[in-house]
Amino acid sequence: MKWIKRLGVLFISSLLLAIAGIGGAYWYVSPDLPDVATLKTVQLQTPLRIYSKDGKLISQFGEKRRIPLKLKDIPKPMIDAFLATEDARFYDHGGIDPIGVVRAAFVMLSTGQKKQGASTITMQVARNFFLTRDKTIIRKVKEIFISFHIEQLLTKDEILELYLNRIYLGQRAYGVGAAAQVYYGKDVKDLTLPEMAVIAGLPKAPSTLNPITSARRAIARRNIVLLRMKDVNAITQAQYDEAIHAPNTASYHGAEIDLYAPYISEMARNYMVDKYGREQAYTGGYSVYTTISSKLQLEAQSALRNNVFAYDERHGYRGATATLWAPTALPSEIPSNNALITILKKTASVLSLRPAVVTQVDEKQATVFTANGESTVINWDGLKWARPFISDSKQGPAPKTAYEILQAGQQIWIRKNAEHWQLSQIPQVASAMVSLNPHDGAIESLVGGFSFGKSQYNRVTQAQRQLGSNIKPFIYASALEKGYTLATLINNAPINEPDIRQGIAWRPKNSPDVYGGPTRLRVGLAKSINVMAVRALRMAGLTATRNRLMDFGFTPDELPKNESIALGSPAVTPMQVVRAFSVFANGGYLVEPYFISEIKDSDNTVIHQAHPTLACEPIEKNETDAQWEATLAALSAEQGIEYKSESDSVGKCDTSKPHRYAEKVISEQTAFLIRQALKSTIWGGGNWSKGNGWNGTAWRAQRVVNRRDIAGKTGTTNESKDTWFSGFNPNLVTTVWVGFDDHSRELGRTAWNANAGQGQISGAESGAKTAGPAWNAFMRDALKGTPEVTDPPPENIISVRIDLKTGKLTHKTDYTTRFEYFIKGTEPTEYVNGNNDDENIFIDANSQESLFQ
């Protein structure tokens with residue numbers, strides 16, 4: 001009995017001492033214990049994702065890759081693998097596993113090392129959310145108390161769900177959802193048993209057990225996981241035997257990008273960082289839906305890149321990037337294939353361009369070796385373009401054999417076109433393209449340069465370049481509002497008088513330097529005749545024209561206070577230009593461009609919704625529904641256009657829903673008349689069979705786009721440093737710019753290439769030749785399959801038959817006449833009269849040029 005009493009006292013004393021110790025430990029660490037209640041509302045850090053308007057993933061940003069999953073969405077074998085490996089008694093203990101603690105203590109006492117931490121899944125959640133990974137006694141004490149709190153606050157399933165979504169699994173992947181994507185490019189539900197076991201083995205040491213960098217160790221750890229699963233009867237012996245013999249199939253998979261559009265994704269990233277700060281933007285789980293159409297974006301990127309390649313190649317081949325061995329090298333001096341692969345892999349691909357080395361040259365072909373260890377033959381069709389580049393304005397003779405182009409040992413660039421592999425090079429010229437919905441300002445596509453990898457400079461929004469003749473529609477719009485008409489004759493003759501405003505003798509010239517005398521305004525705009533634009537500016541007035549240009553969205557600082565603005569001296573961005581041209585497409589409204597339609601938070605709740613400006617005038621809806629429909633029907637009958645109850649393309653909006661309305665900056669009638677003239681830029685006029693046919697500067701669009709609902713304007717600056725093409729149909733406005741980032745460098749000219757065949761571009765570069773082909777190709781593809789849209793005249797527009805030569809009324813109906821549109825009250829009143837047709841057509845004085853109609 002005495003010994004029993006002593007043992008009882010010892011037990012009670014030890015128990016009291018233990019309780020006191022635990023109490024003391026709790027008292028000591030309690031001030032530093034976090035509020036575990038935050039786990040109820042924890043927001044897992046997930047990356048920022050950028051989408052197109054049709055739900056294609058464009059990009060994601062963030063240091064941590066995570067795909068949060070509900071526990072019910074994680075396959076049971078995956079859960080079993082983690083439980084068997086990390087905490088087989090998870091559902092049996094209260095946060096601390098006594099058996100595990102005793103086992104860890106025994107190992108430490110017997111070996112003197114902390115080989116086992118005795119951490120349960122609950123303890124790992126405590127550590128991952130609230131503590132560091134330092135192996136100290138005080139951290140372990142905190143971990144234990146936090147674990148008890150977690151078990152009181154959350155259910156076992158909630159704890160396990162947090163763990164499987166939070167655990168770090170290497171390669172910046174947090175949680176099993178991200179790990180499945182990173183290592184296998186799959187959703188977690190599609191993983192095989194061996195793949196699940198690999199992922200379940202990673203928490204022990206994500207770096208050293210990584211299946212990508214340490215495949216052997218990863219497989220060994222996988223087999224241990226499978227063995228433990230078998231031991232706890234989570235899998236059968238047959239499943240185990242099959243799984244341990246499975247090969248390692250892991251490889252790195254980046255984000256599942258559906259649409260590569262880096263310039264627009266960078267714009268969205270900048271917006272989110274500015275709005276929420278970098279840390280919150282990158283970890284808050286936001287989903288940004290842009291206005292970009294994936295179809296149009298792909299077509300824009302293709303059109304721009306193909307056009308840049310076309311410009312670059314017609315100006316000649318600049319030669320190999322390096323010489324790896326001389327043509328006279330001995331076989332022993334030529335690097336082995338493995339050495340060549342190592343060399344080539346040091347040069348990153350640029351879009352479709354791949355580095356290669358020439359291994360053999362024959363008369364009409366060359367054999368090249370690529371970084372993937374394959375030999376490829378480039379035939380003559382892929383080589384013959386490569387006449388020598390001498391300067392931007394001079395090329396060498398067209399080659400006749402491959403020997404004139406390449407030598408064995410040269411490192412070059414190659415790319416695959418639609419038909420074959422061909423020799424290529426990284427273009428030096430720059431370009432930008434942007435498309436806009438003219439009715440609400442939504443950016444449908446945006447390409448800020450040839451390659452984002454080579455240059456992150458977004459030329460759509462950042463490059464201010466001289467506008468050239470792209471400015472002329474705005475000059476003529478001002479003149480139309482001052483009384484000019486499409487039939488007004490303007491003197492197409494040299495301007496020789498001094499410019500009093502500038503105090504110099506300014507002599508603007510046409511390009512080409514040809515003059516045709518009195519010419520109708522429609523023809524002058526369509527043919528982009530410089531002196532006529534200057535005279536139109538003088539008639540409208542410099543101050544009034546500058547004010548009108550500001551109405552189109554151009555800023556005062558960009559508009560010089562001299563007549564050079566008539567020829568496009570202002571420096572503006574492509575975004576400003578496409579916005580300004582949308583005014584003509586939508587009937588006179590200056591919409592605000594926007595590229596983000598909505599933003600959702602991590603709970604998929606919309607936290608930002610775009611409220612675009614609509615290109616329309618509100619119709620007050622104060623009537624009954626029946627009266628409202630009657631009003632719409634009356635409007636439709638009056639103007640011959642179907643009005644809808646929602647916003648539409650004819651300039652009227654329903655106010656039954658709140659909208660923002662764009663400012664109307666020109667009349668619908670002026671916008672219509674400019675549209676008509678810009679259609680002539682593409683389709684020309686006259687009758688070719690009768691000898692009076694003529695082309696506008698954008699005549700190539702006839703053959704490529706081949707639609708009657710398109711209109712556009714070319715633009716070329718002095719010395720061809722900047723080239724433009726801006727144009728539209730009623731539902732899409734697109735601007736293309738091509739030039740060098742170096743403002744001093746000219747786009748130059750090309751001589752005829754005997755190897756290029758018919759249809760090639762030669763001569764001086766210009767808006768029509770340099771920027772126009774990209775616009776043509778894009779609009780052809782963008783509008784394919786859509787019906788042509790009619791452009792009925794708005795009210796107060798009439799058409800009368802005029803004489804093509806004088807712009808006066810005529811009774812004739814032959815090829816010397818045409819119907820022309822006029823704002824009611826501005827139509828000519830005088831008929832052409834036989835022998836006096838040319839009398840008093842125009843006056844050309846030092847201070848004024850005007851028309852007598």
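The following paragraphs examine the structure supplied in this document.

Here is what the cut-offs are and how they apply
Residues numbered from 1 in each chain as written. Predicted model: local features only at pLDDT ≥ 70, side-chain atom pairs only at ≥ 80, totals over all residues. Heavy atoms only, no water. Helix = DSSP H or I, 4+ residues; strand = E, 2+ residues; numbered from the N terminus. Buried < 20%, exposed > 50% of the residue type's maximum accessible area, 1.4 Å probe, protein only. Contact = heavy atoms within 4.5 Å. Areas by Shrake-Rupley, 256 points an atom, 1.4 Å probe, with all protein chains shown as cover. Arc of directions from axis to C-beta. Salt bridge = Lys/Arg side-chain N within 4 Å of Asp/Glu carboxyl O. Pairing = 2+ DSSP bridges. Axes fitted to C-alpha atoms, helices over the stretch in contact; angles between N-to-C directions.

1. Considerations on the overall build of the chain
- Regarding its fold elements, the chain presents 23 helices and 36 strands.
- Counting every position in the chain, which comprises 853 residues, the buried fraction comes to 52%.
- Pairs at least 24 residues apart make up 69% of the contacts formed inside the chain by residues separated by at least 6 positions.
- Roughly 39,100 Å² of accessible area belongs to the chain as shown, and the carbon and sulfur atoms make up 52% of that amount.

2. Let's talk about helix α18 (residues 542–551)
- If you check which residues of α18 are buried, you get Leu542, Thr545, Arg546, Arg548 and Leu549. In a view along the axis of α18, the buried residues occupy a sector of 160°, so they form one face of it.
- Where α18 is buried, its residues meet α15 (472–481) and α17 (530–540).
- Of the residues one or two after α18, Gly553 is the one with positive phi, at around 105°.

3. Looking at the pattern of salt bridges
- Overall, the coordinates contain 29 salt bridges when judged by the stated rule.
- Lys189 serves as the salt-bridge partner of Asp187, at 3.9 Å between the closest nitrogen and oxygen.
- Asp187 sits in the partly exposed class, given a relative accessible area of 39%.
- A relative accessible area of 56% places Lys189 in the exposed class.
- Arg548 is the salt-bridge partner of Asp551, the closest N and O atoms lying 2.6 Å from each other. Of this pair, Asp551 and Arg548 both sit in helix α18, three residues apart, which is roughly one turn of that helix.
- Since its relative accessible area comes to 29%, Asp551 is described here as partly exposed.
- For Arg548, a relative accessible area of 17% translates into the label buried.
- Via salt bridges that share partners, Asp187, Lys189 and Asp190 belong to a single interconnected network.

4. Let's talk about the sheet that holds strand β2 (residues 57–61)
- Strand order in the open sheet formed by five strands is β2-β1-β5-β21-β22, and the pairing between neighbours is mixed. The open sheet is flanked by β2 and β22 (606–609), the only strands paired with a single partner. Strand-to-strand twist of the sheet, defined as the mean angle between neighbouring strand axes without regard to direction, takes the value 15°.
- Sheet topology note: the strand β1 (residues 48–51)/strand β5 (residues 287–290) ladder contains three bridges and is parallel.

5. Let's talk about the environment of Ile414
- Structurally, Ile414 is set in strand β12 (residues 410–416).
- Accessibility expressed as a relative area gives 0% for Ile414, which makes it buried.
- Each C-alpha atom, one on Ile414 and one on Pro355, is 6.5 Å from the other, the two residues being 59 residues apart in sequence.
- Aside from chain neighbours lying at most four places away, what touches Ile414 is Ser352, Leu353, Arg354, Ala356, Val368, Thr370, Ile378, Trp421, Gln422 and Ser424.

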